[in-house]
Amino acid sequence: MRLSTSASGSTGLAADVRAGRLDAALIALPPDLTAGLALTPLVRFDFAVLVPRSHPLAGRTAVALADLAGEAFVDSPEGFGHRVLSDRAFAAAGVSRSVRTEIADLPSLGGYVAAGLGVAVVPVSLVVPHDDVTTVPLEHPFAWEVSLATRPDPSPAVAAFASIALGLFDS
């Protein structure tokens, strides 16, 4: 087994599985971007907003995407699954946003928010907690579903791996 990442996130991994460069990949993309793949859903993560503790929205019980209009954002590069989902949620809400800082390491986004580089709308349980950052729920929450992607006709070894992966997340 060889583990690898893709500079273009889930979209790149999905393309690598389709092309046969990978046998399987963990991806998190909307259904219209997963054509030609067999997906085994593994886990879902809820999105929320990360803001510095000193931010005016930090004391709110919930935030609408419209409340974030005009904010600078910290996010992953385009093509990463949670970025695709966030971009679509903002577009559906009619809110444009400015992603000023892109970082390919989702767990460390909180440090960038703490440093005042922007706010983030992310699956917060995957971000390393930071003392200077607070999490505010979304008024209309959405979730990120991570799946194991394979080609529709996986080899017996890949099918067995998919079964084992599912078992790891079922508990």
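Residues numbered from 1 in each chain as written. Predicted model: local features only at pLDDT ≥ 70, side-chain atom pairs only at ≥ 80, totals over all residues. Heavy atoms only, no water.

Asker: I'd love a proper account of the overall build of the chain, names of residues and values included.
Answerer: Looking only at helices and strands, one finds 4 helices and 7 strands in the chain. Beginning at the N terminus, the succession of helices and strands in the chain can be written as α-β-β-β-α-β-α-β-β-β-α. On C-alpha atoms alone, the chain measures out to a radius of gyration of 17 Å, which is about the 16 Å that the 2.2 N^0.38 rule sets for 171 residues. Its C-alpha atoms give the chain principal-axis dimensions of about 55 × 30 × 25 Å. Buried positions account for 45% of the 171 residues belonging to the chain. In the chain, 11 side chains carry a positive charge and 17 a negative one; their mean positions are 4 Å apart. (Helix = DSSP H or I, 4+ residues; strand = E, 2+ residues; numbered from the N terminus. Rg over C-alpha atoms; globule rule 2.2 N^0.38 Å. Buried < 20%, exposed > 50% of the residue type's maximum accessible area, 1.4 Å probe, protein only. Lys, Arg positive; Asp, Glu negative; His and termini not counted. Charge placed at Lys NZ, Arg CZ, Asp CG, Glu CD.)

Asker: A description of the pattern of salt bridges should follow, citing residues and the corresponding values.
Answerer: Across all of its chains, the model carries 10 salt bridges by this definition. We note a salt bridge from Glu-78 to Arg-83, for which the minimum N-O separation is 3.7 Å. Residue class for Glu-78 comes out exposed when judged on its relative accessible area of 57%. According to the relative accessible area criterion, Arg-83 is buried, its value standing at 5%. Arg-83 is the salt-bridge partner of Glu-102, the closest N and O atoms lying 2.9 Å from each other. You can see Glu-102 sitting in strand S4 (residues 98–102) and its partner Arg-83 sitting in helix H2 (residues 81–92), a full 19 residues away along the chain. Residues participating in the shared-partner salt-bridge network are Asp-75, Glu-78, Arg-83, Asp-87, Arg-97 and Glu-102. (Salt bridge = Lys/Arg side-chain N within 4 Å of Asp/Glu carboxyl O.)

From the geometry alone we can't say anything about function, so treat these as descriptive.
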